[in-house]
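Coordinates in review
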Amino acid sequence: MDALDAQETLPLAALHAELGAKFVPFAGWSMPVQYGLGVMGEHKWTREHAGLFDVSHMGQVLLPKDADAALETLVPVDVIDLPEGRQRYGLFTNDTGGVLDDLMIARWPDALFLVVNAACRDADIAHLRAHVEGVEEVSGRALLALQGPEAEAALAPLVPAVTEMRFMDSQHHDWNGQTLWISRSGYTGEDGFEISLPESVAEDFARALLSDDRVQPIGLGARDSLRMEAGLPLYGQEMSETISPVEAGQAWAIGKVRRTGGDRAGGFPGADVILDQLANGAPRRRAGLLPEGRAPMRTGVDLYTSEDVDTPIGQITSGGFGPTLGAPVALGLIDASVPKDAPLYGELRGKRLPLTQTTLPFTPNGYKRSTK
Amino acid sequence: MKFTEDHEWLSADGDIITVGITPHASEQLGDVVFVELPELETQVAKGDEIVVIESVKAASDITAPLDGEIVEVNDALVDNPALVNEDPTGEAWFFKIKVEDPSALDEFMTEDEYKDHIGE
């Protein structure tokens, strides 16, 4: 157990163990990878009912409410115009137009609230502190995600106001005298909520959710297959310091006012590269890929335009089996010059196996964009 | 029945040995979604990677436990890989291999020794 001792432990680790979790090391944390249902069962459960994920390993950061202009120097996002009670997806870019991390940015009446990836947490906070005054790393709060078509119905008995929230709302609500920071968002393609709450009440809250027959605990294994089917990028795979947001298919996150011709065009790291790619195209692009056979093609598989050509045109960045689709799925990064309907081949165990390019997501998302 | 350190079970009928993976291995793999079997009538050498198993979590393989010839493969696994999780020691055998020297099986673990090996 020495290796595990070197890792950080989730505040709800004892509950996960009681629920039958298998743990794996991930980004310096000991994380539940699956419970009794197994990855396939947990994936399907989340698509049909509601899955509870412990994502307390992610970094939570508060900034002063007037830090929006300073934050805009680090992200190509329109933060200044972000309305109160709303959240936006963002990216920390670097000077060469790559990505340091992706994050969520919420505006509350009294602060900005960020959620960053566990693996990048320390670097992100140092990066923020170098450019923004008043950066506060949140401690003592767990982060849970409740995801799936029955998430609202399972959460509403505890927090009735969530029925009035829509996709990407971020609000404070009370439960048992404690303040929950709730956003209607997630990483599965389903409707759902992400809930930051004091560690002291996290177990009681999680048990209250799990007492609902519609809710099952879900591990990192299904989190990955769910996000892949939803076409959602993972930092370190679809995005990296050498892949631009335009190449990663994340150009939609770049605010109109931050683009060429906008009132606050540029002014973020790598703006020259990224704005040029928006105007003139990027060298590579993200591709949704369906292997034609049953064999999953995973990260690092080289992609070719024919069975015998020598030079690969890209690689698979994430791949595996999509339980809802009942077939393998993959995301790739390929040369932008490859036509969108061109058949591709992945080299697996010395054989070239065909893949079809497809639009993303692989499975339709269930976001609740209006409360009507 | 005999067991290998790679979590295969071996069941002998004369010089024909049926090979599968143990319930312990099937549980560790998680939900199996893809199986690739060796070609019939292939001569294989001990240690050759002759079966590919992909679960939702990862890819792994089964090696030939002994030198021999593949005389039968279980095509049902190709169509229904989940059998590996449902019935690893029954319906989910992978292949049958004809060996020259069945006494070579003696080198493998008994069930009790295998249980010790996996700490049960």
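Conventions used here
Residues numbered from 1 in each chain as written. Chains lettered and ligands numbered in written order. Predicted model: local features only at pLDDT ≥ 70, side-chain atom pairs only at ≥ 80, totals over all residues. Heavy atoms only, no water. Helix = DSSP H or I, 4+ residues; strand = E, 2+ residues; numbered from the N terminus. Rg over C-alpha atoms; globule rule 2.2 N^0.38 Å. Contact = heavy atoms within 4.5 Å. Areas by Shrake-Rupley, 256 points an atom, 1.4 Å probe, with all protein chains shown as cover. Lys, Arg positive; Asp, Glu negative; His and termini not counted. Charge placed at Lys NZ, Arg CZ, Asp CG, Glu CD. Core = buried A, V, L, I, M, F, W, Y, C linked by side-chain atoms within 4.5 Å. Buried < 20%, exposed > 50% of the residue type's maximum accessible area, 1.4 Å probe, protein only. Domains from an automatic or database assignment. Buried area = accessible area lost by both parts, 1.4 Å probe. Arc of directions from axis to C-beta. Salt bridge = Lys/Arg side-chain N within 4 Å of Asp/Glu carboxyl O. Polar contact = N/O pair within 3.5 Å; in protein donor to acceptor, adjacent residues only side chain to side chain. Nonpolar A, V, L, I, M, F, W, Y, C, P; charged D, E, K, R; others polar. Pairing = 2+ DSSP bridges. Phe/Tyr/Trp six-rings, centres within 6.5 Å; stacked < 30°, edge-to-face > 60°. Lys NZ or Arg CZ within 6 Å of the ring centre and 35° of its normal.

**Some points on the overall build of chain B**
In terms of regular secondary structure, chain B is built from 4 helices and 9 strands. Reading chain B from its N terminus to its C terminus gives the helix and strand order β-β-β-α-β-β-β-β-β-α-α-β-α. For 120 residues, the compact-globule estimate of 2.2 N^0.38 gives 14 Å, and the C-alpha radius of gyration of chain B, at 13 Å, lies within 12% of that figure. In terms of principal-axis extent, the alpha carbons of chain B reach across some 35 × 35 × 20 Å. The contacts of chain B with a sequence gap of at least 6 include a subset with a gap of at least 24, amounting to 60%. As displayed, chain B offers around 5,900 Å² of accessible surface, 42% of which is attributable to carbon and sulfur atoms. Counting 6 positive and 31 negative side-chain charges, chain B places the averaged centre of each group 5 Å from the other.

**Some points on the nonpolar core**
All names here are of chain A. The biggest cluster of nonpolar side chains holds 56 residues, and the ones touching the most others in it are L289 and I316. Two domains each donate at least three residues to this core, and these are domain 1 (2-57 + 139-229) and domain 2 (283-372). Setting aside residues no more than four positions away along its own chain, I316 makes contact with L289, M297, R298, T299, G300, V301, L303, A330, L331, G332 and L355.

**What to know about the domain arrangement of chain A**
All names here are of chain A. Each assigned domain of chain A is listed here: domain 1 (2-57 + 139-229) and domain 2 (283-372). Put simply, the middle of domain 1 and the middle of domain 2, counted by C-alpha atoms, are 29 Å apart. Roughly 1,600 Å² is buried in total at the junction of domain 1 and domain 2, and carbon and sulfur atoms are behind 57% of that figure. It is F167, M228 and E229 that lose the most area in domain 1 upon contact with domain 2, and together they represent 44% of the buried surface on that side.

**Points about helix α5 (residues 121-131) of chain A**
All names here are of chain A. Those residues of α5 that sit buried are R121, D124, I125, H127 and L128. Down the axis of α5, the sector holding all buried residues measures 160°, keeping them to one side. Opposite the buried face of α5, at more than 90 degrees from it, the exposed residues are D122, A123 and A130.

**Some points on the pattern of salt bridges**
Once the charged atoms of two side chains with opposite charge are near each other, the side chains can pair. Summed over the entire model, instances satisfying the criterion amount to 26 salt bridges over all chains. A salt bridge links K351(A) to E36(B); the shortest N-O distance between them is 3.6 Å. Taken as a pair, K351(A) in strand β20 (residues 351-358) and E36(B) in strand β4 (residues 32-36) lie in two separate chains rather than in one. The exposure class of K351(A) is partly exposed, given its relative accessible area of 43%. In this structure, a network of salt bridges that share partners links the residues E72(A), D78(A), D81(A), R88(A), R258(A) and R264(A).

**Some words on the interface of chain A and chain B**
Taken residue by residue, the interface counts 13 residues in chain A and 16 residues in chain B. Of the roughly 1,300 Å² buried at the junction of chain A and chain B (both faces included), carbon and sulfur atoms supply 50%. When the buried surface of chain A facing chain B is broken down by residue, R294(A), R298(A) and R349(A) rank first, second and third, together holding 43% of it. Applying the counting rule to chain A against chain B returns 3 salt bridges. The salt bridge partner of E54(B) is R298(A), with a shortest N-O separation of 2.7 Å. In this assembly, chain A and chain B are joined by 7 residue pairs in polar contact (both at pLDDT 80 or more). If you tally residues by element for the side of chain A that touches chain B, the top one is helix α3 (residues 38-48) of chain A, at 4 residues. By residue class, the composition of the side of chain A that touches chain B is 5 nonpolar, 3 polar and 5 charged.

**Re the pairing of strand β9 (residues 95-98) of chain B**
All names here are of chain B. Only one face of β9 is buried, namely the one carrying F95 and I97, since none of K96 and K98 on the opposite face is buried. Examined bridge by bridge, strand β3 (residues 16-21) and β9 share 4 bridges and lie antiparallel to one another. For T18, the partnering residue across the bridge sits in β9 and is K96. Where strand β8 (residues 68-73) and β9 come together, 4 bridges link them in antiparallel fashion. Counted as the bridge partner of E69 is K98 from β9.

**Structural notes on the packing of aromatic side chains**
Taken as a whole, this structure holds 7 aromatic pairs over all chains when the rule is applied. Consider the rings of F3(B) and Y114(B), whose centres lie 5.0 Å apart with planes at 15°: the pair is stacked. Residue F3(B) is located in strand β1 (residues 2-3), and its partner Y114(B) is located in helix α4 (residues 111-117); the two are separated by 111 residues in the primary sequence. Of the two residues, F3(B) and Y114(B), both sit in the buried class. Here a set of aromatic residues connected by ring pairs shows up, and it is made of W108(A), F113(A) and W181(A). The ring of W181(A) carries the charged tip of R141(A) above its face, separated from the ring centre by 3.6 Å.

**Side note on the side chain of Q60(A)**
All names here are of chain A. Among the secondary structure elements, Q60 is positioned in strand β5 (residues 59-64). Q60 gets classed as buried once you look at its relative accessible area, which sits at 3%. In this structure the side chain of Q60 is engaged in a polar contact, spanning 3.2 Å, whose partner is the backbone oxygen of R141. Residue contacts for Q60: discarding those within four places in its chain leaves F113, L114, E136, E137, V138, R141, A142, L143, W181 and S196.

**Focus on the sheet that holds strand β1 (residues 8-9) of chain A**
Sheet strands associate in pairs through backbone hydrogen bonding, adopting either a parallel or an antiparallel arrangement. Pairing in this open sheet of 3 strands is mixed, and the strands run β1-β3-β2 (chain A) from one edge to the other. A strand with exactly one partner marks an edge of an open sheet, and here the two such strands are β1 and β2 (22-26) of chain A.

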